Amino acid sequence: MGRTYSTDEITVYWDPKRCIHTAICLNALPEVFDTERRPWVTIEGASAAEVRDAIEKCPSGALTYELADGTREAPCRPTEISVRPNGPLSVRGDFEVTDKDGNVFGVGPRATLCRCGNTRNAPFCDLSHRRVGFLDNPHAVALERETAESPATITWTDE
(Lines give C-alpha, C1' and ligand atoms only; values in the text may rest on other atoms or scores of the structure.)
Protein backbone atom coordinates (compact mmCIF):
# COMPACT_ATOMS: atom_id res chain seq x y z
CA MET A 1 0.00 0.00 0.00
CA GLY A 2 1.10 3.53 -0.64
CA ARG A 3 1.90 6.39 1.67
CA THR A 4 0.12 9.67 2.31
CA TYR A 5 1.73 12.97 3.30
CA SER A 6 -0.47 15.95 4.26
CA THR A 7 -0.50 19.60 5.21
CA ASP A 8 -3.50 21.90 5.53
CA GLU A 9 -3.10 22.81 1.84
CA ILE A 10 -2.21 19.58 0.03
CA THR A 11 -2.18 15.81 0.40
CA VAL A 12 0.43 13.83 -1.53
CA TYR A 13 -0.09 10.16 -2.34
CA TRP A 14 2.80 7.88 -3.23
CA ASP A 15 2.32 4.41 -4.73
CA PRO A 16 5.72 2.66 -4.58
CA LYS A 17 4.52 -0.09 -6.95
CA ARG A 18 4.14 2.48 -9.74
CA CYS A 19 7.40 4.36 -9.11
CA ILE A 20 10.09 3.83 -11.76
CA HIS A 21 12.71 5.95 -9.97
CA THR A 22 13.33 8.52 -12.70
CA ALA A 23 14.31 11.03 -9.96
CA ILE A 24 12.30 13.73 -11.72
CA CYS A 25 10.61 14.67 -8.44
CA LEU A 26 13.98 14.72 -6.64
CA ASN A 27 15.45 17.07 -9.23
CA ALA A 28 12.33 19.24 -9.47
CA LEU A 29 11.97 19.87 -5.74
CA PRO A 30 14.85 18.45 -3.64
CA GLU A 31 13.69 20.34 -0.54
CA VAL A 32 10.52 18.18 -0.60
CA PHE A 33 11.61 14.90 -2.20
CA ASP A 34 14.83 13.39 -0.79
CA THR A 35 15.48 9.62 -0.68
CA GLU A 36 18.26 10.11 1.89
CA ARG A 37 15.75 11.43 4.43
CA ARG A 38 12.98 9.66 6.35
CA PRO A 39 10.27 10.32 5.57
CA TRP A 40 11.47 10.91 2.04
CA VAL A 41 8.60 13.34 1.33
CA THR A 42 8.47 16.52 3.41
CA ILE A 43 5.80 18.64 1.78
CA GLU A 44 6.25 21.44 4.29
CA GLY A 45 9.47 22.26 2.40
CA ALA A 46 7.65 24.13 -0.39
CA SER A 47 4.34 25.73 -1.29
CA ALA A 48 1.40 23.57 -2.31
CA ALA A 49 1.68 25.00 -5.84
CA GLU A 50 5.35 24.02 -6.09
CA VAL A 51 4.61 20.50 -4.81
CA ARG A 52 1.72 20.17 -7.28
CA ASP A 53 3.90 21.30 -10.19
CA ALA A 54 6.67 18.82 -9.27
CA ILE A 55 4.21 15.94 -8.92
CA GLU A 56 2.68 16.63 -12.34
CA LYS A 57 6.14 15.95 -13.86
CA CYS A 58 6.17 12.37 -12.49
CA PRO A 59 5.76 10.12 -15.56
CA SER A 60 4.62 6.99 -13.73
CA GLY A 61 1.73 8.37 -11.71
CA ALA A 62 3.38 7.07 -8.54
CA LEU A 63 2.94 10.57 -7.08
CA THR A 64 -0.47 12.21 -7.11
CA TYR A 65 -2.05 14.97 -5.03
CA GLU A 66 -5.25 16.47 -3.75
CA LEU A 67 -5.52 20.11 -2.74
CA ALA A 68 -7.46 21.12 0.39
CA ASP A 69 -10.44 22.18 -1.75
CA GLY A 70 -10.63 18.68 -3.30
CA THR A 71 -8.92 19.62 -6.56
CA ARG A 72 -6.92 16.83 -8.17
CA GLU A 73 -4.74 16.86 -11.26
CA ALA A 74 -6.83 17.44 -14.37
CA PRO A 75 -6.00 14.73 -16.90
CA CYS A 76 -4.85 15.94 -20.30
CA ARG A 77 -7.33 15.44 -23.09
CA PRO A 78 -7.10 13.74 -25.40
CA THR A 79 -5.18 10.96 -23.71
CA GLU A 80 -1.60 10.90 -24.98
CA ILE A 81 0.56 7.81 -25.38
CA SER A 82 4.20 8.27 -26.23
CA VAL A 83 7.08 5.86 -26.61
CA ARG A 84 10.07 6.52 -24.38
CA PRO A 85 13.20 5.54 -26.36
CA ASN A 86 14.27 2.00 -25.39
CA GLY A 87 11.77 2.15 -22.53
CA PRO A 88 8.11 2.13 -21.56
CA LEU A 89 4.99 3.67 -23.01
CA SER A 90 4.22 6.93 -21.24
CA VAL A 91 0.48 7.51 -20.88
CA ARG A 92 -1.08 10.82 -19.80
CA GLY A 93 -4.79 11.52 -19.65
CA ASP A 94 -8.12 10.20 -18.51
CA PHE A 95 -7.77 6.41 -18.69
CA GLU A 96 -8.17 3.13 -16.84
CA VAL A 97 -5.87 0.12 -17.01
CA THR A 98 -7.84 -3.11 -16.74
CA ASP A 99 -7.02 -6.79 -16.84
CA LYS A 100 -8.57 -9.09 -19.43
CA ASP A 101 -11.58 -9.65 -17.12
CA GLY A 102 -12.30 -5.93 -16.87
CA ASN A 103 -10.96 -5.44 -13.34
CA VAL A 104 -9.48 -1.95 -12.96
CA PHE A 105 -6.05 -1.85 -11.35
CA GLY A 106 -4.76 1.47 -12.53
CA VAL A 107 -6.14 4.84 -13.55
CA GLY A 108 -4.76 8.09 -14.95
CA PRO A 109 -3.70 10.79 -15.06
CA ARG A 110 -0.24 9.27 -15.68
CA ALA A 111 1.33 5.82 -16.08
CA THR A 112 4.33 4.09 -17.59
CA LEU A 113 3.48 0.77 -19.20
CA CYS A 114 6.00 -1.98 -19.94
CA ARG A 115 7.07 -2.54 -23.55
CA CYS A 116 9.89 -5.03 -23.01
CA GLY A 117 7.72 -7.82 -21.56
CA ASN A 118 10.02 -8.45 -18.59
CA THR A 119 8.39 -6.35 -15.88
CA ARG A 120 7.59 -7.98 -12.56
CA ASN A 121 4.84 -5.40 -12.04
CA ALA A 122 2.78 -5.98 -15.20
CA PRO A 123 1.52 -4.03 -16.97
CA PHE A 124 3.47 -1.20 -15.34
CA CYS A 125 7.14 -0.59 -16.06
CA ASP A 126 9.61 -1.56 -13.32
CA LEU A 127 12.74 -0.61 -15.32
CA SER A 128 13.34 -4.23 -16.38
CA HIS A 129 14.06 -2.90 -19.86
CA ARG A 130 17.39 -1.64 -18.50
CA ARG A 131 18.22 -4.99 -16.91
CA VAL A 132 17.53 -6.95 -20.10
CA GLY A 133 19.00 -4.43 -22.53
CA PHE A 134 15.71 -3.76 -24.34
CA LEU A 135 16.12 -1.74 -27.53
CA ASP A 136 13.49 -0.22 -29.78
CA ASN A 137 12.70 -1.96 -33.03
CA PRO A 138 14.09 0.40 -35.68
CA HIS A 139 11.55 -0.97 -38.17
CA ALA A 140 8.48 -0.21 -36.02
CA VAL A 141 5.93 2.01 -37.71
CA ALA A 142 4.92 5.16 -35.84
CA LEU A 143 1.25 6.15 -35.85
CA GLU A 144 0.66 9.73 -36.93
CA ARG A 145 -0.92 11.79 -34.13
CA GLU A 146 -3.67 13.06 -36.45
CA THR A 147 -4.90 9.51 -37.06
CA ALA A 148 -4.57 8.26 -33.49
CA GLU A 149 -7.63 7.84 -31.32
CA SER A 150 -7.51 8.63 -27.63
CA PRO A 151 -8.24 5.48 -25.65
CA ALA A 152 -10.43 5.58 -22.56
CA THR A 153 -9.44 2.09 -21.43
CA ILE A 154 -6.14 0.24 -21.80
CA THR A 155 -6.57 -3.51 -21.42
CA TRP A 156 -3.64 -5.69 -20.45
CA THR A 157 -3.53 -9.42 -21.16
CA ASP A 158 -0.78 -11.79 -20.18
CA GLU A 159 -1.23 -13.88 -23.30
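These figures come from a predicted structure and were not determined experimentally. (Residues numbered from 1 in each chain as written. Predicted model: local features only at pLDDT ≥ 70, side-chain atom pairs only at ≥ 80, totals over all residues. Heavy atoms only, no water.)

Asker: How would you sum up the sheet that holds strand β2 (residues 10–14)? Please name residues and give values.
Answerer: Pairing is antiparallel across the open sheet formed by three strands, whose spatial order is β1-β2-β3. Strands with a single pairing partner mark the edges of an open sheet, and in this sheet they are β1 (3–6) and β3 (63–67). For this sheet the average axis-to-axis angle between neighbouring strands, irrespective of direction, equals 20°. Note: β1 against β2, four bridges, orientation antiparallel. Across the sheet, residue R3 finds its bridge partner in β2, namely W14. (Pairing = 2+ DSSP bridges. Helix = DSSP H or I, 4+ residues; strand = E, 2+ residues; numbered from the N terminus. Axes fitted to C-alpha atoms, helices over the stretch in contact; angles between N-to-C directions.)

Asker: Please give an account of the side chain of E73 that cites residues and values.
Answerer: Here E73 is to be found in the loop between β3 and β4 (80–83). When its relative accessible area of 15% is taken as the criterion, E73 is described as buried. Among the polar contacts made by the side chain of E73, one reaches the side chain of R110 at a distance of 2.7 Å. With sequence-adjacent residues up to four places away left out, E73 is seen in contact with E56, Y65, R92, P109 and R110. (Buried < 20%, exposed > 50% of the residue type's maximum accessible area, 1.4 Å probe, protein only. Polar contact = N/O pair within 3.5 Å; in protein donor to acceptor, adjacent residues only side chain to side chain. Contact = heavy atoms within 4.5 Å.)

Asker: Could you give me a rundown of the environment of T79, with the residues and numbers involved?
Answerer: Structurally, the position occupied by T79 is in the loop between β3 and β4. Taking C-alpha positions, T79 is 6.0 Å from D94, a pair spaced 15 residues apart along the chain.

Asker: Go over the sheet that holds β4 with me, naming the residues and quoting the values.
Answerer: To summarise the sheet geometry, strands pair through backbone hydrogen bonds and adopt either a parallel or an antiparallel arrangement. The three strands lie next to each other as β4-β5-β8, forming an open sheet whose pairing is antiparallel. Of all strands in the sheet, those with a lone pairing partner are β4 and β8 (110–113), marking the two edges. Averaged over all pairs of adjacent strands, the angle between their axes in this sheet comes to 20°, without regard to strand direction. The sheet contact formed by strand β5 (residues 89–92) and β8 spans four bridges and is antiparallel. When the bridges of β8 are listed, V91 appears paired with A111.

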